[in-house]
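Examining the three-dimensional arrangement
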Amino acid sequence: MDPANLSKESAVSFRVVIGCGLAYAILFYANDWLMAFLEVSPGVNWIYLPAGLRLFLVLIFGLSGALGIATASALITFGRDLGEDIISIVGIGLISGFGPYLARLLVIRNLKINPDLSNLNIQMIAISVLVFALLSTGLHQVWFVLMGIPSGSLSNAIAMLIGDILGALLFISICKFGIDVYKRYYGKQSVL
């Protein structure tokens, strides 16, 4: 492989990692502000919109999306919840980024989704959301319990699972609505 192409591909991946991390952080803080009244405990919400973004970014950008989310999540956790507990912080970051990546690998392989997502349909999206939410909740809750983080409990697991599912479905619905509005107002205009 040509070194010039390799460095160009690395730069694109680095930009995607940064972009995904920034998008995740922005939506995390927006959700934190908008849904504060639905927070059960730190990191556990009844509606968690960033869950949809995590799934979306990792489905589209793969490993680069997972790395961006993992990095942003670790930085958010460091600044917000756990301060100096670096092992817990890194673990939460890795779970936040690579839980969706693991879900992506499972659904793409088992549902026969094309790598470019061209055959993705509503059933596949629903299954992807469910697999993602179960993996994310399960991995987070196991980590919380192992590390002695107060958010680890059965009641928090139920709230997190519901929050991830509702957040992902709401996020996808908002995106679909935005695309439909865009198509209605701008899709029929000719480019002159």
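To continue, consider the packing of aromatic side chains. Each aromatic ring pair is specified by the distance between its two centres and by the angle formed by the two planes. Taken as a whole, this structure holds six aromatic pairs when the rule is applied. When the ring of Y182 is compared with that of Y186, the centres are 5.2 Å apart and the planes differ by 35 degrees; the resulting orientation is tilted. Here Y182 and its partner Y186 are both found in helix α6 (residues 154-186), four residues apart, which amounts to about one turn of the helix.

Trans peptide bonds make up the majority, and among non-glycine residues the majority have a negative phi. In this model, K112 sits at a positive phi of 60 degrees, which is unusual for a non-glycine residue. Along the polypeptide, K112 turns up in the loop between α4 (86-110) and α5 (122-147).

Before going further, it helps to examine the nonpolar core. Within the largest apolar cluster, 31 residues are counted, with the highest numbers of intra-cluster contacts made by Y24, L53 and I113. Breaking this core down by element, the ones donating at least two residues are α1 (3-34), α2 (50-61), α3 (63-82), α4, α5 and α6. Those residues in contact with I113 that lie beyond four places of it in its chain are V107, I108, N119, L120, M124 and S128. Membership of the second largest hydrophobic core comes to eight residues, among which are V44, I95, A159 and M160.

Quick look at α4 now. An α-helical turn contains 3.6 residues, so any two residues separated by three or four positions project in the same direction. Its 25 residues give α4 an end-to-end C-alpha distance of 35 Å, which sits within 8% of 36 Å, the value for a rise of 1.5 Å per residue. The largest bend along α4 reaches roughly 30 degrees and is located at F98, with the proline P100 sitting one to four residues downstream.

With that settled, the discussion passes to the environment of L27. Topologically, L27 is positioned in helix α1. Sequence separation of L27 and P50 is 23 residues, and the distance between their C-alpha atoms is 5.9 Å. Apart from the residues within four sequence positions on either side, L27 is in contact with L49, P50, L53 and F171.

How each quantity is defined
Residues numbered from 1 in each chain as written. Predicted model: local features only at pLDDT ≥ 70, side-chain atom pairs only at ≥ 80, totals over all residues. Heavy atoms only, no water. Phe/Tyr/Trp six-rings, centres within 6.5 Å; stacked < 30°, edge-to-face > 60°. Helix = DSSP H or I, 4+ residues; strand = E, 2+ residues; numbered from the N terminus. Core = buried A, V, L, I, M, F, W, Y, C linked by side-chain atoms within 4.5 Å. Buried < 20%, exposed > 50% of the residue type's maximum accessible area, 1.4 Å probe, protein only. Contact = heavy atoms within 4.5 Å. Expected span 1.5 Å × (residues − 1). Bend = angle between axes of the 7 residues up to and from the residue.

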